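# Examination of the molecular architecture
So you can see what is in the structure, the chains are spelled out below.
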Amino acid sequence: GLEADYVRIKDKLSDLQTRLSKEGLRAAKAELALTKARKEYRAAVDALQDTATTLRQSNADKETLVEALRTQVGEQDRIMSDLKRQAGRVRGAEKERDEQQTRADAAEAGAAKRASQAEQAEERAARQSEVAVQRVANAELRSAEAAGREARAGAEVQAMREELEGSDA
């Protein structure tokens, strides 16, 4: 009877030690996934910062371009009044001014389009960052669950050891 108890307890202790090493492996895998998710999160944050920098630069470029175009249109207006005072070349000057205005409008539209594209890129980066944050949270949860299982298995092994030592005495 006592020997059978000893063998049964020894077998159970061996099973628990096997489970403990499996839980340790799971915990290590969860920790690896957590590290990977944190790297992805940092990469997404870097991409978001790059996009924000690009957007700020695009907006600054747009402002500079619009200001230069306003100056150019103002100069065209002054030239046109001089021409009106001089002679009947008004139609040619008006046509030139209209072309300048069309180019100014086209350049402003292009700058607005680039700003819109930069905003879309920033939104994509923000979505990628949210996904990375969720991955980090999931990996942390799996790591904590694995650590809990490992701790329970360790406590079971300790209880079995104490039971075994008690029956030896």
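See above for the structure.
Residues numbered from 1 in each chain as written. Predicted model: local features only at pLDDT ≥ 70, side-chain atom pairs only at ≥ 80, totals over all residues. Heavy atoms only, no water.

### Re the environment of Asp77
Just so we agree on the cut-off: Elements are defined by DSSP. Helices are runs of H or I of four residues or more, strands are runs of E of two residues or more, and each kind is numbered from the N terminus.
Assignment of secondary structure puts Asp77 in helix α1 (residues 2–86). The sequence separation of Asp77 and Ala93 amounts to 16 residues, and the corresponding C-alpha distance is 9.2 Å.

### Remarks on the nonpolar core
Our working rule: What makes a nonpolar core is a set of buried Ala, Val, Leu, Ile, Met, Phe, Trp, Tyr and Cys residues whose side-chain atoms join them at distances within 4.5 Å. Exposure categories follow from relative accessible area, calculated using a 1.4 Å probe and restricted to protein chains: below 20% of the type maximum is buried, above 50% is exposed, and the middle band is partly exposed. Contacts are residue-level and defined by heavy atoms, with any inter-residue pair within 4.5 Å sufficient.
Counting 6 residues, the largest nonpolar core is built from Ile9, Leu13, Leu16, Val157, Met160 and Leu164. If you list the elements that add at least two residues to this core, you get α1 and α2 (90–168). Those residues within four positions of Leu16 in sequence are excluded, and the remaining contacts are Glu156, Val157 and Met160.

### Comments concerning the pattern of salt bridges
This is how the line gets drawn: Any Lys or Arg side-chain nitrogen found within 4 Å of a carboxyl oxygen on Asp or Glu counts as a salt bridge.
Enumeration according to the criterion identifies 11 salt bridges in this entry. Note that Glu40 is salt-bridged to Arg135, the shortest N-O span being 2.7 Å. With Glu40 in helix α1 and Arg135 in helix α2, the pair connects residues that are 95 residues apart, well separated along the chain. Among the salt bridges present, the one from Arg78 reaches Asp82, with a minimum N-O distance of 3.8 Å. With a gap of 4 residues between them, Arg78 and Asp82 both fall in helix α1, about one helical turn apart. One salt-bridge network, in which partners are shared between bridges, spans Glu23, Arg26 and Arg149.

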